[in-house]
Amino acid sequence: MADIDPVASEGTVKYGILKTLEDITPAVLKAMAPAEDPRLREVMEAFVRHAHAFIREVRPTEEEFERGLEFLNGIGQTTTDKYNDAVLFCDVFGISTLVTMLANGMGGPMEPATALLGPFWRLGHPITEHGASIVRCDTPGPQLHAKIRVIDNSGKPLPGVDVDVWHASSVGMYDVQDENQIEFNLRGKFITDENGSFHFRSIKPVGYPIPTHGPSGAILAAQKRKPQRPAHLHFLAFKEGYKTLVTQIFVADDPDIERDVTFGVTPQLMGDYKRETGPAPWPDVTGEWYSIDHTLVMVPGVATLPTPPIA
Ligand code: BEZ
Ligand code: FE
């Protein structure tokens, strides 16, 4: 938090005495105008304009205002190093998906195959050999062989891309939510080979309910919304010189594919999970198993890592 400069703040503009209901919005805008950072000025002006318009439309009672503040405080109070209610709140109201769509050029010349990060990405995924399993403790489920290729937007394979993969278990929980899973179960970091490829073994993902014990869950319940995400794998691909790709690959026939509680599903994110009955790539698997063959596309840009929502 920056200290207020006492000398500079002496020059705070006078915005006058408020005489009517209409005076307050321009007064706040005027008070904020000295901000030097133009983006801060732009963002905060829009925030105040929209927030005041919202209040004028909704006309909250004082009790409702207090409830709203409690709700906001509750988001912070329930957030821990394993659970992030602020991310969840933005996810379940479509805010994260909208930010992702706009930041990745949706509506422009190329429809992006990007998705929200979600609250469960963490740093330190174990580097995993190609072909190895990311199932690190007893985790039942149909076996999955995933073959992933990373290319750029001109179709050139990209070697040396760090790709984090993570997904929920067959009971619908990530490692950090479930004391029966070992750390980093169903997570791995793969580095693409000279063909931009890697492959791994896991279990076919299942749909799962998002956590509902915080304020975001309470509002979902009040809105009678099913807190369910359709089955998906998560990917975060990182390479210097390319915009970091955050995406998900969905199981198209999941019954909840058209009612993802986080509004994360677009046509570009459908995966072709195939049921296989021939010999599996591993001798211990007999009977049916699943395969997926999928290409991720990265575009030139700045490689940055998001702030991990959990530790
Ligand atoms: C996830 O896919 O991991 C996720 C996304 C949003 C809310 C909860 C979970
Ligand atoms: Fe997920």
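The structure displayed is predicted, hence computed values, not measured ones.

**A closer look at the domain arrangement of the protein**
Point 1. For the protein, the assigned domains are domain 1 (21–59) and domain 2 (85–298).
Point 2. A straight line from the C-alpha centre of domain 1 to that of domain 2 covers 39 Å.

**Side note on the coordination of the iron ion (ligand 2)**
Point 1. Of the protein atoms, only Tyr-174 (OH), Tyr-208 (OH), His-232 (NE2) and His-234 (NE2) coordinate the iron ion (ligand 2), at distances of 1.9 to 2.1 Å.
Point 2. One can describe the site at the iron ion (ligand 2) as irregular: its six donor atoms subtend angles covering 54 to 163° at the metal.
Point 3. Between consecutive donors of the iron ion (ligand 2), the numbers of intervening residues give the motif Y-x33-Y-x23-H-x1-H. Of this pair, Tyr-208 sits in strand S5 (residues 208–209) while His-232 sits in strand S7 (residues 232–238), and the two are 24 residues apart along the sequence. Across this residue pair, the class does not change: Tyr-208 and His-232 are buried.

**Digging into empty space enclosed by the protein**
Point 1. By the definition in use, this model includes two cavities of 30 Å³ or more.
Point 2. Its volume calculated, the largest cavity comes out at about 80 Å³.
Point 3. Lining the largest cavity we find Leu-88, Asp-91, Leu-116, Gly-118, Pro-119, Phe-120, Tyr-208, Ile-210, Arg-229, His-234 and Thr-262.
Point 4. When its residues are assigned to classes, the lining of the largest cavity shows six nonpolar, three polar and two charged.

**What to know about the packing of aromatic side chains**
Point 1. Summed over the entire model, instances satisfying the criterion amount to eight aromatic pairs.
Point 2. By way of ring pairs, the aromatic residues Phe-71, Phe-89 and Phe-93 are connected into one cluster.
Point 3. When the ring centre of Trp-282 is taken as origin, the NZ or CZ atom of Arg-201, which lies over that ring, is 4.3 Å away.
Point 4. Above the plane of the ring of Phe-93 lies Arg-225, whose end atom (NZ or CZ) is 5.4 Å from the centre.

**Concerning the sheet that holds strand S2 (residues 162–166)**
Point 1. Strands sit in the order S3-S2-S7-S8-S9 across an open sheet of five strands; the sheet is mixed. Each edge of the open sheet is held by one strand with a lone partner, namely strand S3 (187–191) and strand S9 (270–271).
Point 2. Pairing geometry for strand S8 (residues 245–251) and S9, over two bridges, is parallel. By the bridge assignment for S9, Phe-250 is matched with Met-270.

**Structural notes on the pairing of strand S4 (residues 197–203)**
Point 1. For S4, a buried count of six out of seven residues is recorded, marking the element as mostly surrounded by other parts of the structure.
Point 2. Relative to S4, strand S1 (residues 143–152) runs antiparallel, the two being bridged by seven bridges. When the bridges of S4 are listed, Arg-149 appears paired with Ser-197.

**Overview of the packing of helix H2 (residues 24–32) against helix H3 (residues 38–58)**
Point 1. Running from amino to carboxyl end, H2 crosses H3 at an angle of 165°, the nearest separation of the two axes being 10 Å. Considered as vectors, H2 and H3 are oriented roughly antiparallel to each other. Where H2 crosses over H3, the two elements pack in a sense that is right-handed. Contacts from Ile-24, Thr-25, Val-28, Leu-29 and Met-32 in H2 reach Arg-41, Met-44, Glu-45, Val-48, Arg-49, His-52 and Arg-56 in H3.
Point 2. Of the residues belonging to the contact of H2 with H3, the class tally is six nonpolar, two polar and four charged.

**Quick word on the side chain of Ser-197**
Point 1. Positionally, Ser-197 belongs in strand S4.
Point 2. With residues up to four places along the chain from it excluded, the contact list for Ser-197 reads His-130, Ile-148, Arg-149, Ile-191 and Thr-192.

**Some points on the sheet that holds strand S11 (residues 289–298)**
Point 1. Taken in spatial order, the four strands make up an open sheet running S4-S1-S11-S10, and their pairing is mixed. Strand pairing shows two members of the sheet lacking a second neighbour, S4 and strand S10 (274–276), which therefore form its edges. Strand after strand, the sheet turns through a mean of 25° between neighbouring axes, direction not considered.

**Some thoughts on the environment of Phe-263**
Point 1. Structurally, the position occupied by Phe-263 is in the loop between S8 and S9.
Point 2. As a C-alpha pair, Phe-263 and Cys-90 span 173 residues in sequence and 11 Å in three-dimensional space.
Point 3. If we ignore the near neighbours within four places in the chain, the residues touching Phe-263 are Asp-91, Val-92, Phe-93, Gly-94, Thr-97 and Arg-225.

Parameters and conventions
Residues numbered from 1 in each chain as written. Chains lettered and ligands numbered in written order. Predicted model: local features only at pLDDT ≥ 70, side-chain atom pairs only at ≥ 80, totals over all residues. Heavy atoms only, no water. Domains from an automatic or database assignment. Donors = N, O, S within 2.8 Å, 3.2 Å for Na, K, Ca; no water. Tetrahedral: all angles 85-135°; square planar, octahedral: opposite > 155°, others 65-115°. Helix = DSSP H or I, 4+ residues; strand = E, 2+ residues; numbered from the N terminus. Buried < 20%, exposed > 50% of the residue type's maximum accessible area, 1.4 Å probe, protein only. 1 Å grid on protein atoms, 1.4 Å probe; cavity = no way out; pocket = protein on both sides within 12 Å on 5 of 7 lines; lining within 4 Å. Points joined across faces, edges and corners; volume = space filled by probe spheres on them. Nonpolar A, V, L, I, M, F, W, Y, C, P; charged D, E, K, R; others polar. Phe/Tyr/Trp six-rings, centres within 6.5 Å; stacked < 30°, edge-to-face > 60°. Lys NZ or Arg CZ within 6 Å of the ring centre and 35° of its normal. Pairing = 2+ DSSP bridges. Axes fitted to C-alpha atoms, helices over the stretch in contact; angles between N-to-C directions. Parallel < 35°, antiparallel > 145°, perpendicular 65-115°, else oblique. Left-handed = near helix turned anticlockwise from the far one by under 90°. Contact = heavy atoms within 4.5 Å.

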